[in-house]
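Chain residues, written in single-letter form:
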Amino acid sequence: MNFRALNHEDIEVFSEAISAFFLNMTHESAVVRTAYLLDGSSAPLWSDFNGVIDVSGGFRGSITFSAPHGMLSQVLQAIGEREHSVDRCLDVVGEIANMMSGRARRHFGEELAISPPSARLRTLPPSVPRATGVPFAIPLRWRAHEANLVVHLDIRR
Amino acid sequence: MKARLLIVDDSMVIRNLIARQMLDERLPPIDLVGLAGDGEQALAIALSRKPDFITMDLTMPNMDGEACIERLAEVLPGARIMVVSALSDKATALRAVSKGAHGFLHKPFSEEQLVVALLELMS
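This report concerns the structure included in the present document. (Residues numbered from 1 in each chain as written. Chains lettered and ligands numbered in written order. Predicted model: local features only at pLDDT ≥ 70, side-chain atom pairs only at ≥ 80, totals over all residues. Heavy atoms only, no water.)

Quick look at unusual backbone geometry now. The linkage connecting K107(B) with the following residue, P108(B), adopts the cis geometry, with an omega of 0°. Phi at H27(A) is positive, roughly 65°, even though this residue is not glycine. Position of H27(A) among the secondary structure elements: in the loop between α1 (8-26) and β2 (31-32). Despite not being glycine, N62(B) shows a phi value in the positive range, around 60°. With respect to the helices, strands and loops of the structure, N62(B) is situated in the loop between β3 (53-56) and α3 (65-75). (Helix = DSSP H or I, 4+ residues; strand = E, 2+ residues; numbered from the N terminus.)

Attention shifts here to empty space enclosed by the protein. Considering all chains together, one arrives at 2 cavities of 30 Å³ or more under this definition. Considering only enclosed or pocket space, the largest cavity measures out at about 50 Å³ in volume. Taken together, N24(A), M25(A), H27(A), I79(A), L17(B), F109(B), S110(B) and E111(B) make up the full set of residues lining the largest cavity. Residues belonging to the lining of the largest cavity are distributed by class as follows: 4 nonpolar, 3 polar and 1 charged. Of all elements in the fold, only α1 and α3 (86-103) of chain A together with α1 (12-21) of chain B reach the threshold of two or more residues within the lining of the second largest cavity. The element best represented in the lining of the second largest cavity is α3(A), accounting for 4 residues. Looking at the lining of the second largest cavity residue by residue, the classes come out as 8 nonpolar, no polar and 1 charged. (1 Å grid on protein atoms, 1.4 Å probe; cavity = no way out; pocket = protein on both sides within 12 Å on 5 of 7 lines; lining within 4 Å. Points joined across faces, edges and corners; volume = space filled by probe spheres on them. Nonpolar A, V, L, I, M, F, W, Y, C, P; charged D, E, K, R; others polar.)

Turning our attention to the layout of surface pockets. Residues and elements named next belong to chain A. In this structure, the largest pocket occupies an estimated 590 Å³ of space. Together, 24 residues line the largest pocket, and T64, P126, S127, V150 and H152 are the ones closest to its centre. Of all elements in the fold, only β4 (49-57), β5 (59-67) and β9 (145-156) reach the threshold of two or more residues within the lining of the largest pocket. Per-element accounting of the lining of the largest pocket gives the leading share, 4 residues, to β5. Of the residues in the lining of the largest pocket, the class split is 12 nonpolar, 8 polar and 4 charged.

Below, the discussion takes up the sheet that holds strand β5 (residues 103-106) of chain B. Hydrogen bonds between backbone groups are what pair the strands of a sheet, and the pairing can be parallel or antiparallel. Residue and element names in this part refer to chain B. An order of β2-β1-β3-β4-β5 is seen for the 5 strands of this open sheet, with the pairing classed as parallel. Edge positions in the sheet fall to β2 (30-36) and β5, since each of these pairs with one other strand and no more. Averaged over all neighbouring strand pairs, the angle between strand axes comes to 20°, with direction disregarded. The sheet contact formed by strand β4 (residues 80-85) and β5 spans 4 bridges and is parallel. (Pairing = 2+ DSSP bridges. Axes fitted to C-alpha atoms, helices over the stretch in contact; angles between N-to-C directions.)

Time to look at the interface of chain A and chain B. On the side of chain B, 25 residues touch chain A, which itself brings 25 residues to the contact. Carbon and sulfur atoms make up 54% of the surface buried where chain A meets chain B, a total of about 2,100 Å² over both sides. Along the contact surface separating chain A from chain B lie 4 salt bridges. A salt bridge links E110(A) to R95(B), with the nearest nitrogen and oxygen atoms 2.6 Å apart. The interface formed by chain A and chain B contains 13 residue pairs in polar contact (both at pLDDT 80 or more). Looking at the side of chain A that touches chain B, the element that brings in the most residues is α3(A), giving 8 residues. (Contact = heavy atoms within 4.5 Å. Buried area = accessible area lost by both parts, 1.4 Å probe. Salt bridge = Lys/Arg side-chain N within 4 Å of Asp/Glu carboxyl O. Polar contact = N/O pair within 3.5 Å; in protein donor to acceptor, adjacent residues only side chain to side chain.)

With that out of the way, let us pick up the pattern of salt bridges. Using the criterion set out here, one finds 21 salt bridges over all chains in the structure. The salt bridge partner of E28(A) is R143(A), with a shortest N-O separation of 2.6 Å. Taken together, the positions of E28(A) in the loop between α1 and β2 and R143(A) in the loop between β8 (136-142) and β9 put the pair 115 residues apart, joining distant regions of the chain. The partly exposed category is assigned to R143(A), whose relative accessible area is 35%. Connected through salt bridges with shared partners, the residues E81(A), E83(A), R88(A) and R20(B) form a single ionic network. (Buried < 20%, exposed > 50% of the residue type's maximum accessible area, 1.4 Å probe, protein only.)

A separate point is the packing of aromatic side chains. Residues and elements named next belong to chain A. Applying the stated criterion across every chain yields a total of 4 aromatic pairs over all chains. Summarising the aromatic geometry, the rings of F14 and F108 are spaced 6.0 Å apart at their centres and angled 40° between planes, so their arrangement reads as tilted. Taken together, the positions of F14 in helix α1 and F108 in helix α4 (residues 105-108) put the pair 94 residues apart, joining distant regions of the chain. Assessed through its relative accessible area of 0%, F14 is described here as buried. Taking relative accessible area as the criterion, F108 reaches 14% and is therefore assigned buried. Clustering of aromatic rings is evident, with ring pairs tying together F14, F59 and F108. Here R60 stacks its cationic end above the ring of F3, 4.1 Å away from the centre of that ring. (Phe/Tyr/Trp six-rings, centres within 6.5 Å; stacked < 30°, edge-to-face > 60°. Lys NZ or Arg CZ within 6 Å of the ring centre and 35° of its normal.)

As structure tokens, then:
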């Protein structure tokens, strides 16, 4: 089966999804920076909390939102959640990954089949990647916190 | 009489967020009859507590939202269901409606969008 790598237009959809999440849910914009290729020499972007969506259908790979504890605590506070425990941070990091992946279906259509999120602490290593292309990282800043959306997808031609 | 609401989402943060908006003064009085984390739990609660209104996520473990909507349309045809999902393509929304959903709210949503969607569901 033939797969192609992501192009600029595909990546733009995910940058827009990041903006939409922070603006709608927290009423505060995030600064979304330019996406870059995560080649072998890049530092790993695995953070305190990591929400992972496995992707299938006409696609192969995963979409991961990685964020520090401080950011997720403040996101929870901004949306009115009183409890800021580790469990709640795991819940919200998975839900953020879910929202950003789901929104990308506006561009890719329902062929982008997404799994329920799995959320992992920094201490659990990332899974072996299923996509073969080079992943893109989209860095963002919200309030004083830095996070990353890593999009590692092959798209069926 | 209070409107009976069931909230279905695999995220507790989202369940809590929707539950908090029930107190908005524009909405009719609401009795929260249950919180479910997947379609199987939702069906069990719906059968025992008979909600009038249901908010339904789609991407969930065990039984997903589409399958749950289909079953609810059979066993609780009077319940009005609003999908609250991140899946934002048109085909998914149309399919959910064809299976028995009465409305669709895309995540991420603002509190205002949620209240307006609940008002429409309950009108």
